[in-house]
Amino acid sequence: MTARTERALRMTVLAGEDQHWHHRPLYAEIVHRAHAARLAGASVFRGIEGFGGSALVHTSRLLSVGDDLPVAVVVVDREERIRAFLPQLDDLLDRCLVTLDACEVLRPADAPGEAE
């Protein structure tokens with residue numbers, strides 16, 4: 001099977017799992033908004049250790065601060081679709097860090113069209 005590549009943009013939102021937006025976990029709110037915007041997909045990854053603006057290290061190891069572990073929400077789609085979605089995160093930006101990275105998506109040669 002021969003694969004073809006397509007240019008894309010990867011948006012990664014870094015937050016803490018205990019952060020909330022109107023009684024909903026922040027990561028769930030971001031996934032909900034990405035789904036409503038019909039982006040290609042979103043995945044949430046839970047970290048085992050990390051720190052952010054508070055400079056407090058959060059870890060899943062025993063006898064350590066085991067709450068508020070880091071989470072990363074990753075969304076990959078065409079650049080114009082990700083950039084059009086960014087304003088929908090404006091009210092959340094004071095609670096998280098958003099990074100954008102150019103990437104390539106591999107698709108089988110017989111796959112239909114670009115990311116939807």
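First, a word on scope: everything that follows refers to the structure included in this document.

### Considerations on the pattern of salt bridges
And step 1. A full pass over the atoms with the stated rule returns ten salt bridges.
And step 2. R10 is paired through a salt bridge with D101; the nearest N and O atoms lie 3.8 Å apart. Note that R10 is positioned in strand β1 (residues 3–16) and D101 in strand β8 (residues 97–108), a separation of 91 residues in sequence.
And step 3. Owing to a relative accessible area of 32%, R10 belongs among the partly exposed residues under this scheme.
And step 4. The partner of E80 in a salt bridge is R78, and the shortest N-O contact between them spans 3.0 Å.
And step 5. Overlapping salt bridges, with partners in common, bring together R24, E29, R33 and D91 in one network.

### Quick notes on the nonpolar core
For soluble globular proteins, the rule of thumb is that nonpolar side chains tend to be buried together.
And step 1. If you look at the biggest cluster of nonpolar residues, it comprises 17 residues, and the most contacted ones within it are M11, V13, L26, I30 and L89.
And step 2. Of all the secondary structure elements, the ones that give two or more residues to this core are β1, α1 (26–36), β7 (70–77) and α2 (79–85).
And step 3. In terms of residues, this core owes the most to one element, β1, which gives four residues.
And step 4. Beyond its immediate sequence surroundings of up to four residues, M11 is in contact with V73, V74, V75, I82, F85, L86, L89, V98, T99 and L100.

### Section: the sheet that holds β8
And step 1. Read from one edge of the open sheet, four strands run β4-β7-β1-β8, paired in antiparallel fashion. Each end of this open sheet is capped by a strand with a single partner; those strands are β4 (42–46) and β8. Mean inter-strand twist for the sheet, computed between neighbouring axes without regard to direction, equals 25 degrees.
And step 2. Looking at chain direction, β1 and β7 are connected through eight bridges and run antiparallel. Looking across to β7, one finds that G16 is bridged to P70.

Criteria and cut-off values
Residues numbered from 1 in each chain as written. Predicted model: local features only at pLDDT ≥ 70, side-chain atom pairs only at ≥ 80, totals over all residues. Heavy atoms only, no water. Salt bridge = Lys/Arg side-chain N within 4 Å of Asp/Glu carboxyl O. Helix = DSSP H or I, 4+ residues; strand = E, 2+ residues; numbered from the N terminus. Buried < 20%, exposed > 50% of the residue type's maximum accessible area, 1.4 Å probe, protein only. Core = buried A, V, L, I, M, F, W, Y, C linked by side-chain atoms within 4.5 Å. Contact = heavy atoms within 4.5 Å. Pairing = 2+ DSSP bridges. Axes fitted to C-alpha atoms, helices over the stretch in contact; angles between N-to-C directions.

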